[in-house]
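# Architecture and fold: a report
Letter by letter, the chains look like this.
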Amino acid sequence: MAGAVRGLSARLREVSGLLAERFGRPEVCSHETDPVRNLVLTILSQNTTDANRDRAYDRLAKRFPTLLALAAARPSELEEAIRVGGLAKAKAKSILGALARIREERGGYSLDFLGGMPLPEAREYLTSFPGVGVKTANILLLFSFGMPAFPVDTHVLRVTKRLGLVSGTSTLAKAALSLEPHVGTGDHGPLHLNLIRLGREVCRPRDPLCAECPLLTVCPEGKRSTEGARNRRVRRSRRRRG
């Protein structure tokens, strides 16, 4: 078991290094750093594009400039403000429910207390909110508190499955919890962001650009794909000559 753990840690270090050579080490994220606003933004990001998330958040912030105003909003008002982000009814319910609970439990709209909790406990608290899963909790804990949480979205899951770092049946949550302990210190944010960029630009859901991928040398699926393409080109060339 110890050997398997060291193997995963070493592979993640190698992947992170190769991605940093191609993309650099990103340190800045578009997410809010205030924990409660980050929670709102991350809920809005579910099942939508970054562009639509940002449009929804901008409209929400203009309509409800303070957390107090947001918490007092009628569901229909909030739904209208965030409609561009999709799933407006469910997201409005999650946002208003979270704010109401935070207010009831903490006497105000602050999650700063999470900074003094161990990561597993802070994540358990956040995921006890309806509509908040491991990905949402990990984004907040990583970018608002600097905790070594590792968010896994659909891009990260696709890439890590193709790399063989997680099983083919892994969910977002299972992949996050299995990878997180093996990511190097200080690497959780840069690796998360670079894997997302790779998934968008190179390791796409359909027609991945395996030959152009910085991870080709460590990717079993990429090697199979490029070898298969090379064999097909050889066969076509032989048929033309024959």
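Structural data are supplied above this passage.
This text gives an overview of the structure that appears in the document. (Residues numbered from 1 in each chain as written. Predicted model: local features only at pLDDT ≥ 70, side-chain atom pairs only at ≥ 80, totals over all residues. Heavy atoms only, no water.)

## Digging into the environment of Leu68
The condition is simple: Per the convention used, a helix needs a DSSP run of H or I reaching at least four residues, while a strand needs a run of E reaching at least two, with both numbered from the N terminus. To sort residues, take the accessible area from a 1.4 Å probe on protein chains only and compare it with the maximum for the residue type: under 20% means buried, over 50% means exposed, and anything in between is partly exposed.
You can see Leu68 is positioned in helix H4 (residues 67-71). Judged by relative accessible area, which is 62%, Leu68 ranks as exposed. Sequence separation between Leu68 and Tyr109 is 41 residues, and the spatial gap between their C-alpha atoms is 7.9 Å.

## Observations regarding the packing of helix H3 (residues 50-63) against helix H5 (residues 75-82)
Note the threshold: In this analysis, axes come from line fits to C-alpha atoms, helices being fitted only over the stretch in contact, and the angle between any two N-to-C directions falls in the range 0 to 180 degrees. Angle categories: roughly parallel below 35 degrees, roughly antiparallel above 145, roughly perpendicular from 65 to 115, and oblique for all the rest. Should any heavy atoms of two residues lie within 4.5 Å, those residues are counted as being in contact.
Axis separation between H3 and H5 bottoms out at 7 Å; the angle between their running directions is 135°. Relative to H5, H3 is oriented oblique. Counted together, Ala56, Arg59, Leu60 and Arg63 of H3 and Glu77, Leu78, Ala81 and Ile82 of H5 form the full contact between these two elements.

## Structural notes on the pattern of salt bridges
Heads up, the rule is: Here, a salt bridge means any side-chain nitrogen of Lys or Arg that lies within 4 Å of a carboxyl oxygen of Asp or Glu.
Under the counting rule described, the total for this entry stands at 11 salt bridges. The partner of Arg101 in a salt bridge is Glu105, with the nearest N and O atoms 2.9 Å apart. Linking Arg101 with Glu105, this pair stays in helix H6 (residues 88-106), spanning 4 residues, or about one helical turn. Assessed through its relative accessible area of 22%, Arg101 is described here as partly exposed.

## Topic: H5
Among the residues making up H5, those that are buried are Glu77, Leu78, Glu79, Ala81 and Ile82. Lining the buried residues of H5 we find helix H2 (35-44), H3, H4 and H6.

## With respect to the environment of Asn52
Looking at the element boundaries, Asn52 is found in helix H3. Through-space distance from the C-alpha of Asn52 to that of Val84 is 6.1 Å; in sequence the pair is 32 residues apart.

## With respect to helix H9 (residues 154-163)
Convention followed: Polar contact is defined as a pair of N or O atoms within 3.5 Å, subject to the rule that within protein one atom must be able to donate a hydrogen and the other to accept it, and that residues adjacent in sequence are counted only when both atoms are side-chain atoms.
With 8 of 10 residues buried, H9 is to be regarded as a mostly interior element. Three or more residues of H9 are buried, namely His155, Val156, Leu157, Arg158, Val159, Thr160, Arg162 and Leu163. The opening residue of H9, the one whose side-chain oxygen lies 3.1 Å from the backbone nitrogen of His155, is Asp153. Just downstream of H9 lies Gly164, where phi reads positive at about 80°.

## Some remarks on the environment of His155
Structurally, His155 can be placed in helix H9. On the basis of relative accessible area, His155 is assigned to the buried category, the value being 18%. Through-space distance from the C-alpha of His155 to that of Arg200 is 7.0 Å; in sequence the pair is 45 residues apart. Each residue touching His155, except ones within four places of it in the same chain, is listed here: Ile196, Gly199 and Arg200. Side chain to side chain, His155 and Arg158 meet in a polar contact 2.9 Å long.

Bear in mind that shape data such as this cannot, by itself, settle questions of function.
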